[in-house]
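One letter stands for each residue in the lines below.
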Amino acid sequence: MTMTARISTLSAALVLSASPAMAATIEVTIEKLVFSPASVEAKIGDTIEWVNKDAFAHTATVKGGWEVTIPPKSTGKMTLKAAGAVDYFCRFHPNMKGHLDVAQ
Ligand SMILES: [Cu+2]
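Reference entry: report on the structure contained in this document. (Residues numbered from 1 in each chain as written. Predicted model: local features only at pLDDT ≥ 70, side-chain atom pairs only at ≥ 80, totals over all residues. Heavy atoms only, no water.)

1. So, the pairing of strand β4 (residues 47-52)
Taking burial as the measure, the six residues of β4 include six buried ones, the bulk of the element. Burial of the side chains of β4 extends over both faces: Thr47, Glu49 and Val51 are buried on one face and Ile48, Trp50 and Asn52 on the other. (Buried < 20%, exposed > 50% of the residue type's maximum accessible area, 1.4 Å probe, protein only. Helix = DSSP H or I, 4+ residues; strand = E, 2+ residues; numbered from the N terminus.)

2. Things to note about the nonpolar core
Formed by 20 residues in total, the largest nonpolar core has its most connected members in Phe35, Ile48, Trp50, Tyr88 and Leu100. Those elements that provide at least two residues to this core are β1 (25-31), β3 (39-43), β4, β6 (67-70), β8 (84-89) and β9 (97-103). For this core, the element with the most residues is β1, which contributes three residues. (Core = buried A, V, L, I, M, F, W, Y, C linked by side-chain atoms within 4.5 Å.)

3. Notes on the coordination of the copper ion
Reference geometry at the metal: tetrahedral coordination by four donors gives ideal angles of 109.5 degrees; octahedral coordination by six donors gives 90 or 180 degrees. The protein atoms that coordinate the copper ion are His58 (ND1), Cys90 (SG) and His93 (ND1), at distances spanning 1.9 to 2.2 Å. All donors of the copper ion come from a single chain, and their spacing in sequence reads H-x31-C-x2-H. By relative accessible area, Cys90 is classed as buried at 0%. Exposure remark for His93: the relative accessible area of 23% places this residue in the partly exposed category. (Donors = N, O, S within 2.8 Å, 3.2 Å for Na, K, Ca; no water.)

4. Quick look at the pattern of salt bridges
Applying the stated criterion to the full structure yields two salt bridges. Of the charged contacts, one joins Lys43 and Asp46 as a salt bridge, the two residues approaching to 3.9 Å between their closest N and O atoms. Residue Lys43 is classed as partly exposed on the basis of its relative accessible area, which comes to 24%. Taking the relative accessible area as the measure of exposure, Asp46 reaches 2% and is therefore buried. As a salt-bridge pair, Glu67 and Arg91 come within 2.6 Å of each other at their nearest N and O atoms. Remark: Arg91 occurs in the loop between β8 and β9 and Glu67 occurs in strand β6; sequence separation between them is 24 residues. The exposure class assigned to Glu67 is partly exposed, which follows from its relative accessible area of 35%. (Salt bridge = Lys/Arg side-chain N within 4 Å of Asp/Glu carboxyl O.)

Below, the structure is given as structure tokens:
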């Protein structure tokens, strides 16, 4: 690929990511009691999909906020509706911690 082509591909990607219509689904894997990646950058309208590879249930729980249950060998989803930084944990395994940075 030429340098010019690389630059135009990059700028096209930046334009697309700036568009509110381009909502993404961001996968967070849970394996052996760990959220991975532990920290995620997302935008309002994006969906977080937790994929639980463990044989027992987990949750993504925000103190005083929302909670998503993720059954064993299954998935749980949530669409982000508010901007800001959010710390979450698993209700059953409080040492499991995750973080979302949600941009406007
Ligand atoms: Cu758990």
